[in-house]
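Here's the letter readout for the chains.
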Amino acid sequence: MTDNELTNSPPDAADRRAVTPLICYEVDQLPPCNLALYQRARENMSKVAEITVAPRDGATFEVPAGSFFRIVSVEGSQVGDLNLWNAHDLSERFFSGKTRQLHATHISTGDRLWSSLPGLRPMATITHDTLDWYGWDEDGAGVHDVIGTRCDPYTNYMLKGVDYHHCCHSNLTRALAAAVDVPLTEAELHVHDVMNVFMCTGFTLDTHQYFMKASPVRPGDYIEFFAEIDLLGALSACPGGDCGSSHSDDNTPCYPLRVEIYQPEVDALQGWSSPARSGYSGTHGL
Ligand SMILES: [Zn+2]
């Protein structure tokens, strides 16, 4: 909100402001998340694949439902921008805004990544996060936000008037185009608002503007997800590096990220089943 106030406060302004805030959704009514089951399943899982995402570039990976994947920091402090799709239907994709509304601005163990309408089901559940100790710092910042959209060449051009081709939006677009063998222009339409893995962000306390600060992630740290449905994922190693200075340019040291896929033992998931799409009739009142 820019500081262009043209209206005088009404006499009852204080009363209007003093009403009690309510959490928007009755989140205790969400489908249950059996974290104990996931924790048991991850005890004896084996790594079955590994993908390296080059700095300032993107890569895709597939995770079958019932498997785990980790995003691992290697070599240096680096932020990643994550997109997820239903592997069989790209129109069902990660819904950053609804995930934010159901959980919080930043997510960690036990939170879920929800899919777009009309699917609206958990695509993945976070099962481990070596940065869960960070919590909220004195600036109001946390790690792994679902606020920021992704750095993109259009906003960069609008602000700086130059072409830059290694923004996360472009990295994700190139990676998806190669993975599903479609033109860039088609792939671009499937790229969506991300989960900002390892990124440390918040809103300034005075002007409530989105800010970033150097990520606390260090090599060896990882965040781990359980795939609730068959997933196609794409990860960009952001040109912002640790996002402690600038982004959308080649000025910042950047490092690779690694995606590791893990398979639990066959009977480790007893009691779990892949969630169905939303049960809403879809008739919208007609
Ligand atoms: Zn980025």
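In case you missed it, the structure is sitting above this.
Here's a quick rundown of the structure. Every value quoted in this text rests on a predicted model; they were computed, and no experiment measured them. (Residues numbered from 1 in each chain as written. Predicted model: local features only at pLDDT ≥ 70, side-chain atom pairs only at ≥ 80, totals over all residues. Heavy atoms only, no water.)

Let us now look at the pattern of salt bridges. When charged atoms on two side chains of opposite charge get close, those side chains can pair. Tallying each qualifying case throughout the model produces 16 salt bridges. The partner of R70 in a salt bridge is E224, with the nearest N and O atoms 2.8 Å apart. Of this pair, R70 sits in strand β3 (residues 68–73) while E224 sits in strand β11 (residues 222–227), and the two are 154 residues apart along the sequence. By relative accessible area, E224 is classed as buried at 0%. Measuring nitrogen to oxygen at the nearest pair gives 3.2 Å for the salt bridge that ties R277 to D89. (Salt bridge = Lys/Arg side-chain N within 4 Å of Asp/Glu carboxyl O. Helix = DSSP H or I, 4+ residues; strand = E, 2+ residues; numbered from the N terminus. Buried < 20%, exposed > 50% of the residue type's maximum accessible area, 1.4 Å probe, protein only.)

So, about a nonpolar patch on the surface. Side chains of I23, Y25 and V27 sit close together on the surface and give an oily, nonpolar patch of about 290 Å² of accessible area. Mapped onto the secondary structure, I23 falls in the loop between α1 (13–17) and α2 (35–43). (Patch = residues over 30% accessible without salt bridge, like charges linked within 9 Å, V, L, I, M, F, W, Y side chains within 5 Å. Areas by Shrake-Rupley, 256 points an atom, 1.4 Å probe, with all protein chains shown as cover.)

Bringing helix α5 (residues 168–180) into the picture now. The terminal C-alpha atoms of α5 lie 18 Å apart, and with 13 residues this matches the ideal 18 Å at 1.5 Å per residue to within 8%. The secondary structure elements touched by the buried residues of α5 are β2 (58–63), β4 (80–86), α4 (153–160), α6 (184–188) and β12 (231–237). Immediately beyond the C-terminal end of α5, within one or two residues, lies D181, with a positive phi of roughly 55°. (Expected span 1.5 Å × (residues − 1). Contact = heavy atoms within 4.5 Å.)

Our focus in this paragraph is the side chain of H144. Here H144 is to be found in strand β8 (residues 142–145). Assessed through its relative accessible area of 1%, H144 is described here as buried. One polar contact links H144 to D129, side chain to side chain, over a distance of 3.0 Å. In this view, H144 contacts T105, H106, I107, D129, L131, M195, N196, V197, F198, M199 and I223; residues no more than four positions away in its chain are not counted. (Polar contact = N/O pair within 3.5 Å; in protein donor to acceptor, adjacent residues only side chain to side chain.)

It is worth spelling out the packing of aromatic side chains at this point. According to the stated counting rule, one finds seven aromatic pairs in the structure shown. Where F68 meets F226, the ring centres are 5.1 Å apart and the plane angle is 65°; that geometry is what we call edge-to-face. One end of the pair, F68, is in strand β3; the other, F226, is in strand β11, and 158 residues separate them in sequence. No difference in accessibility class separates F68 from F226, as the two residues are buried. Taken together, the aromatic side chains of Y38, F68, F226 and W272 make up a single cluster linked through ring pairs. (Phe/Tyr/Trp six-rings, centres within 6.5 Å; stacked < 30°, edge-to-face > 60°.)

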